[in-house]
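Survey of secondary and tertiary structure
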Amino acid sequence: MPSEKKLSAEELARRAEAPPGDTGEMPDPEKILFDSKPPPPFSEDNIFPIEWHTETPKLLDLYEAARDPGWAPNTLPWETLKPENFTLDQRYAISYWFSLLSVFDSSGPAVFARAMIRTYETHQEDPIRRCFFSITRDEVNHEEVCKRAIQALTPDGPLGYEPETPLGRLAQHNIRWYFHNGARYWDGFKKGIHKYELPILFTSFLMGEVASSSLFHSMYQRTTIPVFKEAFRHVGQDEARHMGICLTMFKGVLPKLSDEDKEIITKQLRAGYVFLSGILYEPPDQFWELPDEFGPAHRMLEDVAREGGLGVLRRDERRENWRTAILKMKGLVERYGVEFPEIPEIDIDGKTITFDLDDIVPVF
Ligand SMILES: [Fe+2]
Ligand SMILES: [Fe+2]
């Protein structure tokens, strides 16, 4: 088209046609809105629409205070933890204790990450979502402490090394059984997380925070191993923060509870005792599937870990620690008309609960 080539830009512009519908007038927003239609509704349990509302300013303050945990596992003095300072059995036993702890503290990141997603799906207020994030991060740090302790004392541990003593073999045997129960717990948690409202689910978790913050504090005071002293101090402070978060969340829902919610909480509290006793006291028969030799081996390993300087509390001291935490919880929930479950193992009376794994959501 040779003639077209000669057209000037001016000529082209003159010939250009406006697209259809463009009248050259300013669009009228009212008119546009009149013809518009909203998008289809959001599906249930969708994280959208995103909003940032705050109903509990206290939770926002707690999140602000949690932004910087004030420590990191990689900066603890790990170089002072020398395997040659321990007997072989002490190494196995201390590593064993951290492996049991890891059933709780290593499921923590996965449990809270999933719960955090749930806070988005159920459109919880913004500070609750953030607080769950900060707990997830803390649990990642606690998991790292377990990992570092285990790998320093039993490289490739907890299961990947060949123990050279009978006590070492017993340690691995018990750990395998604990992991078996951890796996059952995870299955239950995954299935249950959609069942009830999050603040209700996490009532049992609050009990764990109350007990673990004081447990780690006592271990901090007792251990003679410098790196663990530091670790327990920081972990204890983190747990105390988690306790504050859970308590604030819980106090927010307590006045709004229906009778049905209250019944769920009573069951969750009993479940909390059952699960958390696995580290805070001694695993009860309910839920925990353990062979007969587990108990005696466990006590032997704890004694050796204590001799090695770990600072493990004695059975009666742990019982007292647990009992105090549970009585605190009892006082709190009863004030709001929630019945407390009977915990005969540590002489606490209350409502008798039949333990049914299909009925409760396990939360460590
Ligand atoms: Fe933790
Ligand atoms: Fe925690």
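Below, the structure is looked at part by part. (Residues numbered from 1 in each chain as written. Chains lettered and ligands numbered in written order. Predicted model: local features only at pLDDT ≥ 70, side-chain atom pairs only at ≥ 80, totals over all residues.)

As a further point, take the overall build of the chain. The helix and strand inventory of the chain stands at 14 helices and 0 strands. Mapped in sequence order, the helices and strands of the chain form the string α-α-α-α-α-α-α-α-α-α-α-α-α-α. For 364 residues, the compact-globule formula gives about 21 Å, and the C-alpha radius of gyration of the chain, at 28 Å, lies well above that figure. When its C-alpha atoms are laid out on the principal axes, the chain stretches across 100 × 55 × 35 Å. A fraction of 80% describes how many contacts in the chain between residues 6 or more apart in sequence connect residues 24 or more apart. (Helix = DSSP H or I, 4+ residues; strand = E, 2+ residues; numbered from the N terminus. Rg over C-alpha atoms; globule rule 2.2 N^0.38 Å. Contact = placed C-beta atoms within 7 Å.)

So, on to unusual backbone geometry. For the peptide bond that leads from Phe48 to Pro49, omega is 0 degrees, which places it in the cis range. With respect to the secondary-structure elements, Pro49 resides in the loop between α3 (29–35) and α4 (57–66). Note the cis peptide between Gly157 and Pro158, where omega equals 10 degrees. Inspection of the secondary structure assignment puts Pro158 in the loop between α7 (126–153) and α8 (166–192). Of note in the backbone geometry, Asp45 takes a positive phi value of approximately 60 degrees without being a glycine. Looking at the secondary structure, you find Asp45 in the loop between α3 and α4. Judged by C-beta crowding, with 12 C-beta atoms within 10 Å, Asp45 ranks as exposed. Residue His123 is not a glycine yet carries a positive backbone phi of 55 degrees. One can find His123 in the loop between α6 (107–121) and α7. (Buried ≥ 20, exposed ≤ 12 C-beta atoms within 10 Å, placed from the backbone.)

Bringing the environment of Phe48 into the picture now. Relative to the helices and strands, Phe48 resides in the loop between α3 and α4. Taking the C-alpha atoms as reference, Phe48 lies 8.4 Å from His123; in sequence the two are 75 residues apart.

Right, let's talk about α8 for a bit. Over its 27 residues, α8 extends 39 Å from the first C-alpha to the last, a length consistent with the 39 Å expected when each residue adds 1.5 Å. Within α8 the residues assigned to the buried category are Gly168, Leu170, Ala171, Gln172, Asn174, Ile175, Tyr178, Tyr185 and Phe189. The secondary structure elements touched by the buried residues of α8 are α5 (88–105), α6, α12 (259–280) and α13 (294–307). (Expected span 1.5 Å × (residues − 1).)

On to the nonpolar core, then. If you look at the biggest cluster of nonpolar residues, it comprises 77 residues, and the most contacted ones within it are Ala93, Tyr96, Trp97, Leu206, Met207 and Ala305. Setting aside chain neighbours within four positions, we find Trp97 in contact with Glu302, Ala305, Leu310 and Val312. (Core = buried A, V, L, I, M, F, W, Y, C linked by C-beta atoms within 7 Å.)

An α-helical turn contains 3.6 residues, so any two residues separated by three or four positions project in the same direction. Look at α5: 25 Å from first C-alpha to last across 18 residues, which is about the 26 Å you get at 1.5 Å a residue. Within α5, 17 of the 18 residues are buried, leaving the element largely enclosed by the surrounding structure.

In this section: the packing of helix α10 (residues 203–222) against α12. At a closest axis distance of 7 Å, the pairing of α10 and α12 adopts a crossing angle of 35 degrees. For the crossing formed where α10 meets α12, the hand is right-handed. In contact with Thr203, Ser204, Phe205, Met207, Gly208, Ala211, Ser212 and Leu215 of α10, α12 contributes Ile265, Gln268, Leu269, Ala271, Gly272, Leu276 and Leu280. Split into classes, the residues belonging to the contact of α10 with α12 amount to 9 nonpolar, 6 polar and no charged. (Axes fitted to C-alpha atoms, helices over the stretch in contact; angles between N-to-C directions. Left-handed = near helix turned anticlockwise from the far one by under 90°. Nonpolar A, V, L, I, M, F, W, Y, C, P; charged D, E, K, R; others polar.)

On to the environment of Val274. For Val274, the location among the structural elements is in helix α12. Looking at Val274, the number of C-beta atoms within 10 Å reads 24, which means it is buried.

On to the packing of α4 against helix α11 (residues 226–253), then. Where α4 contacts α11, the two axes come as close as 10 Å, and the packing angle between them is 165 degrees. Classified by the interaxial angle, the pair formed by α4 and α11 is roughly antiparallel. In this structure, the crossing between α4 and α11 has a hand that is left-handed. Residues Lys58, Leu59, Leu62 and Ala66 of α4 lie in contact with α11, whose contacting residues are Arg241, Gly244, Ile245, Thr248 and Met249. Grouping the constituent residues of the contact of α4 with α11 by class yields 5 nonpolar, 2 polar and 2 charged. (Parallel < 35°, antiparallel > 145°, perpendicular 65-115°, else oblique.)

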